[in-house]
Amino acid sequence: MRTYLEFEKSIAEIEMKIEELSALVETSEAETMSVELTKLKTKAQKQLEDLYGKLDPWMKTQVARHPERPRYREYVAALVTDYSELAGDRTFAEDPAILGGLGKFLGRPCVVIGHEKGRTTQERLKHNFGMARPEGYRKAIRIMDLADKFGLPVVSLVDTAGAYPGIGAEERGQAEAIARSTERCLTLGVPMVSVIVGEGGSGGAVALASGNTVLMLEHAIYTVITPEGAASILWRDAGRAKEAAIAMKITAQDLLALGVIDGIIEEPMGGAHRAPERAVASVGAAIAAALDALDGKDAQTIRAHRRERFYKIGRIQEAAPKPAAKKR
Amino acid sequence: MNWLSNLARPGMKNAPEDKRETPDNLWIKCPATGELIYRNDLEAAHWVTPAGFHMRIGPEPRFKALFDDQTWTLLPLPSAPVDPLKFKGDKRYVDQLKRDRAKVSRDDCMQAAHGAIGGRGAVILVQDFQFMGGSLGMAAGEAFVAAAQEAVKQNAAFICVTASGGARMQEGMLSLMQMPRTTLAVQELAEAGLPYIVILTDPTTGGVAASYAMLGDVHIAEPGALIGFTGPRVIEQTIRQKLPEGFQRAEFQLDKGMVDMVVDRRLMRDQLAILLDVLMARRARAPAAKPAQSAPAPQVLSAPTRKALAKPRAKAAE
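Residues numbered from 1 in each chain as written. Chains lettered and ligands numbered in written order. Predicted model: local features only at pLDDT ≥ 70, side-chain atom pairs only at ≥ 80, totals over all residues. Heavy atoms only, no water.

## With respect to the overall build of chain B
Here's step 1: Assigned secondary structure in chain B consists of 12 helices and 10 strands.
Here's step 2: Excluding contacts between residues fewer than 6 apart, the proportion of contacts in chain B whose partners are at least 24 apart in sequence is 72%.
Here's step 3: When the accessible surface of chain B is split by element, carbon and sulfur atoms take 54% of a total near 12,100 Å². (Helix = DSSP H or I, 4+ residues; strand = E, 2+ residues; numbered from the N terminus. Contact = heavy atoms within 4.5 Å. Areas by Shrake-Rupley, 256 points an atom, 1.4 Å probe, with all protein chains shown as cover.)

## Structural notes on the overall build of chain A
Here's step 1: Each helix and strand in chain A was counted, giving 14 helices and eight strands.
Here's step 2: Over its C-alpha trace chain A gives a radius of gyration of 21 Å, about what one expects of a compact globule, namely 20 Å for 328 residues.
Here's step 3: In terms of its C-alpha atoms, chain A occupies a principal-axis envelope of roughly 70 × 45 × 40 Å.
Here's step 4: Across the 328 residues of chain A, 56% fall into the buried class.
Here's step 5: Put simply, 72% of the contacts in chain A that link residues at least 6 apart link residues at least 24 apart.
Here's step 6: When the accessible area of chain A is evaluated, it comes to approximately 13,600 Å², of which 54% is carbon and sulfur surface.
Here's step 7: Each charge class in chain A can be summarised by its mean position, and for the 45 positive and 45 negative side chains these summaries are 5 Å apart. (Rg over C-alpha atoms; globule rule 2.2 N^0.38 Å. Buried < 20%, exposed > 50% of the residue type's maximum accessible area, 1.4 Å probe, protein only. Lys, Arg positive; Asp, Glu negative; His and termini not counted. Charge placed at Lys NZ, Arg CZ, Asp CG, Glu CD.)

## With respect to the interface of chain A and chain B
Here's step 1: Across the contact, 48 residues belong to chain A and 53 residues belong to chain B.
Here's step 2: Taken together, the two surfaces of chain A and chain B that pack against each other cover about 4,600 Å², and 67% of this comes from carbon and sulfur.
Here's step 3: If you look at where chain A meets chain B, you find three salt bridges.
Here's step 4: Between E142 of chain B and R315 of chain A there is a salt bridge, with its nearest N and O atoms 2.3 Å apart. (Buried area = accessible area lost by both parts, 1.4 Å probe. Salt bridge = Lys/Arg side-chain N within 4 Å of Asp/Glu carboxyl O.)

## Comments concerning unusual backbone geometry
Residues and elements named next belong to chain B.
Here's step 1: For the peptide bond that leads from D202 to P203, omega is -15°, which places it in the cis range.
Here's step 2: When you line up the elements, P203 lands in strand β7 (residues 196-204).
Here's step 3: The phi dihedral of K86 falls on the positive side, at around 50°, and the residue is not glycine.
Here's step 4: Among the secondary structure elements, K86 is positioned in the loop between β3 (71-74) and α4 (93-104).
Here's step 5: Within the chain, Q248 stands out as a residue other than glycine whose phi angle is a positive 70°.
Here's step 6: Assignment of secondary structure puts Q248 in the loop between α9 (232-239) and α10 (250-255).

## Observations regarding the domain arrangement of chain B
Note on interface size: it is often stated as the accessible area lost on association of the parts.
Residue and element names in this part refer to chain B.
Here's step 1: Taken domain by domain, chain B consists of domain 1 (24-55) and domain 2 (56-286).
Here's step 2: Of the residues lining the interface, nine residues belong to domain 1; the matching set on domain 2 comes to 12 residues.
Here's step 3: Roughly 820 Å² is buried in total at the junction of domain 1 and domain 2, and carbon and sulfur atoms are behind 57% of that figure.
Here's step 4: Among the salt bridges present, the one from K64 reaches E43, with a minimum N-O distance of 3.8 Å.
Here's step 5: Put simply, domain 1 and domain 2 have five residue pairs in polar contact (both at pLDDT 80 or more) between them.
Here's step 6: In terms of residue class, the side of domain 1 that touches domain 2 is built from four nonpolar, four polar and one charged. (Domains from an automatic or database assignment. Polar contact = N/O pair within 3.5 Å; in protein donor to acceptor, adjacent residues only side chain to side chain. Nonpolar A, V, L, I, M, F, W, Y, C, P; charged D, E, K, R; others polar.)

## Here's the deal with the nonpolar core
Most often, soluble globular proteins have nonpolar side chains that are buried together.
Here's step 1: Ranked by internal contacts, the top residues of the largest apolar core, which has 159 residues, are Y222 of chain A together with F158, I159 and Y196 of chain B.
Here's step 2: At nine residues, the largest contribution of residues to this core is made by helix α5 (residues 138-154) of chain B.
Here's step 3: Apart from the residues within four sequence positions on either side, Y196 of chain B is in contact with F144, F158, C160, V186, L189, Y212, A213, L215, G216, D217 and V218 of chain B. (Core = buried A, V, L, I, M, F, W, Y, C linked by side-chain atoms within 4.5 Å.)

## Looking at the environment of V155 of chain A
Here's step 1: With respect to the helices and strands, the residue V155 of chain A is situated in strand β4 (residues 154-160).
Here's step 2: If sequence neighbours within four positions are ignored, V155 of chain A has contacts with F105, C110, V111, V112, I113, V193, I287 and L291 of chain A.

## A short note on the state of the cysteines
Here's step 1: Inspection of every chain in the model, using the stated rule, returns zero disulfides over all chains.
Here's step 2: For the unlinked cysteine C160 of chain B, the closest cysteine sulfur is that of C109 of chain B, found at 9.6 Å. (Disulfide = S-S within 2.5 Å.)

## So, α5 of chain B
Here's step 1: Along its 17 residues, α5 of chain B runs 24 Å from first to last C-alpha, staying within 8% of the 24 Å computed at 1.5 Å per residue.
Here's step 2: Directly beyond the C-terminal end of α5 of chain B, a positive phi value near 60° is found at N155 of chain B. (Expected span 1.5 Å × (residues − 1).)

## Quick word on the packing of helix α8 (residues 174-187) of chain A against helix α14 (residues 299-311) of chain A
Residues and elements named next belong to chain A.
Here's step 1: It is the contact of α8 with α14, at a shortest axis distance of 8 Å, that shows an interaxial angle of 120°. Classed by the angle they form, the pair α8 and α14 counts as oblique. Counted together, C185, L186 and T187 of α8 and R303, R306 and F310 of α14 form the full contact between these two elements.
Here's step 2: The class makeup of the residues in the contact of α8 with α14 is three nonpolar, one polar and two charged. (Axes fitted to C-alpha atoms, helices over the stretch in contact; angles between N-to-C directions. Parallel < 35°, antiparallel > 145°, perpendicular 65-115°, else oblique.)

## Looking at the packing of aromatic side chains
Here's step 1: In the structure shown here, the tally under the stated rule is 10 aromatic pairs over all chains.
Here's step 2: Residues F63 of chain B and W72 of chain B carry aromatic rings whose centres are separated by 5.5 Å and whose planes lie at 50° to one another, so their mutual orientation is tilted.
Here's step 3: Counting every residue linked through ring pairs, the aromatic cluster contains F144, F158, Y196 and Y212 of chain B.
Here's step 4: Over the ring of Y164 of chain A we find R133 of chain A; its NZ or CZ atom is 4.5 Å from the centre of that ring.
Here's step 5: Over the face of the ring belonging to Y311 of chain A we find R315 of chain A, whose NZ or CZ atom lies 5.3 Å from the ring centre. (Phe/Tyr/Trp six-rings, centres within 6.5 Å; stacked < 30°, edge-to-face > 60°. Lys NZ or Arg CZ within 6 Å of the ring centre and 35° of its normal.)

## Quick notes on the environment of E60 of chain B
Here's step 1: With respect to the element layout, E60 of chain B can be found in helix α3 (residues 59-66).
Here's step 2: Taking the C-alpha atoms as reference, E60 of chain B lies 9.8 Å from A112 of chain B; in sequence the two are 52 residues apart.

## Comments concerning the confidence of the model for chain B
Residues and elements named next belong to chain B.
Here's step 1: In this model, chain B carries a mean pLDDT of 87, and residues with pLDDT of at least 70 account for 82%.
Here's step 2: Confidence over residues 4-15 falls short of pLDDT 50; this stretch has 34 contacts with residues more than four positions distant or in other chains.
Here's step 3: The low-confidence segment residues 310-318, where pLDDT is below 50, has 19 contacts with residues more than four positions distant or belonging to other chains.
Here's step 4: With pTM at 0.89, the complex prediction returns an ipTM value of 0.93. (pLDDT = per-residue confidence, 0-100.)

## Notes on the pattern of salt bridges
All names here are of chain A.
Here's step 1: One pass over the structure, following the stated rule, counts 46 salt bridges over all chains.
Here's step 2: With a shortest N-O distance of 2.7 Å, R65 and E228 are connected by a salt bridge. Here R65, found in the loop between α3 (57-64) and α4 (72-79), pairs with E228, found in helix α10 (residues 227-235); they are 163 residues apart in sequence, far enough to count as distant.
Here's step 3: Of the charged contacts in the structure, one is a salt bridge between E243 and R240, with a shortest N-O distance of 2.9 Å.
Here's step 4: What emerges from the salt-bridge pattern is a single network uniting R65, R71, K117, D159, E199 and E228.

## Here we look at the side chain of N128 of chain A
Here's step 1: Position of N128 of chain A among the secondary structure elements: in the loop between α5 (121-126) and α6 (134-150).
Here's step 2: A relative accessible area of 12% places N128 of chain A in the buried class.

Written out as structure tokens, the structure is:
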């Protein structure tokens, strides 16, 4: 059974009715029922389109965190062949909040890294809800080292609420690990394409998202701090997360306008979780196209391209950003 | 990037710049011991109390403490877009900016200067916690890039004195993007073979700790400085227990291997001088900096300060 978000209640009701009716239609021959069913289906589709056509940033936050949204493992299963997962930071431990390995991304030899949130309760605990400790970032650095050494492009899939805020993580240098991982992204002499597929939470996301090309899924969010965190710091009230989500400009659409990201990957109607295979395929196609565009460039050019990409963000001579003016 | 969570350090409100506004305030209370200290003595001791408590200081006293002959030239810093998100909150972000700009007579939290340290050319960039908690926004990031590039141009060492709660939420992702942007500037220094030394002061957390503050060739922390990624309040909320005494303080980070040394502010210039002398041995010495903005004659440490210096390093009180 599908998990419905709070704002999807009306759709949930219609779809529940559709299910009931479908069961009846199968057992009876009542033509009126099947007509009714078609009507309902059209209505549901229309509502879904209306709703998803104008999701506010807080709704998008919930979609980005949807429990059925495709995860790292599903992307890899569908897009990467001959995948060999690598483990451990060679210093302290293995951190399954970040996964990575070698394989062929739609046929192209490469390195893949990303956050894994897990799906079942057991998985979520194992992957620590995608919140990495220093070891996760150090493993990512190690895998990026391999990419550089063997001339393999890097694909990163970002989906984390942020780096883990725990005692052990602090003791082992969370800040340093994130800083070094960001630095490693930026020093790579091979192309790196990053996609924010769900939540891009703060420094824990940047550490894996400082690529030549940074893309976002249509309903993904990318934030300096979670909306709840911002609300509790700014207004001492985590309940005002919606306001914070709006004020911080965290949607793919706003961030494209601000020049923070390079492109948006369209999601199936109603969000990636409604048609995961299609969402995964779209992400695959977008990454392949981005890698194609970076093909044949030498290490120096790749690094210069990345430097230029980040330096120009927010520079005053750039055209003034006009984020989502129409939404007001 | 929970920068405000680190604000609540008791007794740290009396930053020197505030005092400068009220010259009649001749006596200042040591936040650690409550002892009253003669203001001139405190200033001469670079705002380190006799008990060894390192008070937070802004760019000017910092330059005084670090440059040879207390002589430096301010570097112009690029301007950055103001309130790029038109941030909506209870307080208008532009009003907060206006208030803090008036307070420090500067556009944002960063100030950079060029001078010499032990005869070696150096650019020092100071982050001022007084300005919106030293938060890293576009102006600060752009200042970091510009100052580092100036160091490359001048063939000078680059020293960054950090003091920040982290990213500036009111600038959203444009703030977070300063992490990779400043990291690129650190790379430019590395490519030029120039030393990049970080002086971590109280507090250095969040996106600042997780970018340029942790990418130095040498990390020097001031005694008692809070240094870490997540602020203590958020960690306590997460794990629902109290953190141990001294957690994330400079001495803790020395123990954990995140900083090379914990150095008393009054000895900082000398420490930098010997480091730069070795790190820049293959380079010719820089000519003495032109005294475009010079401070009064070198000051003599007052007796209590000398006494404090002679004592083994005092631990900052909580």
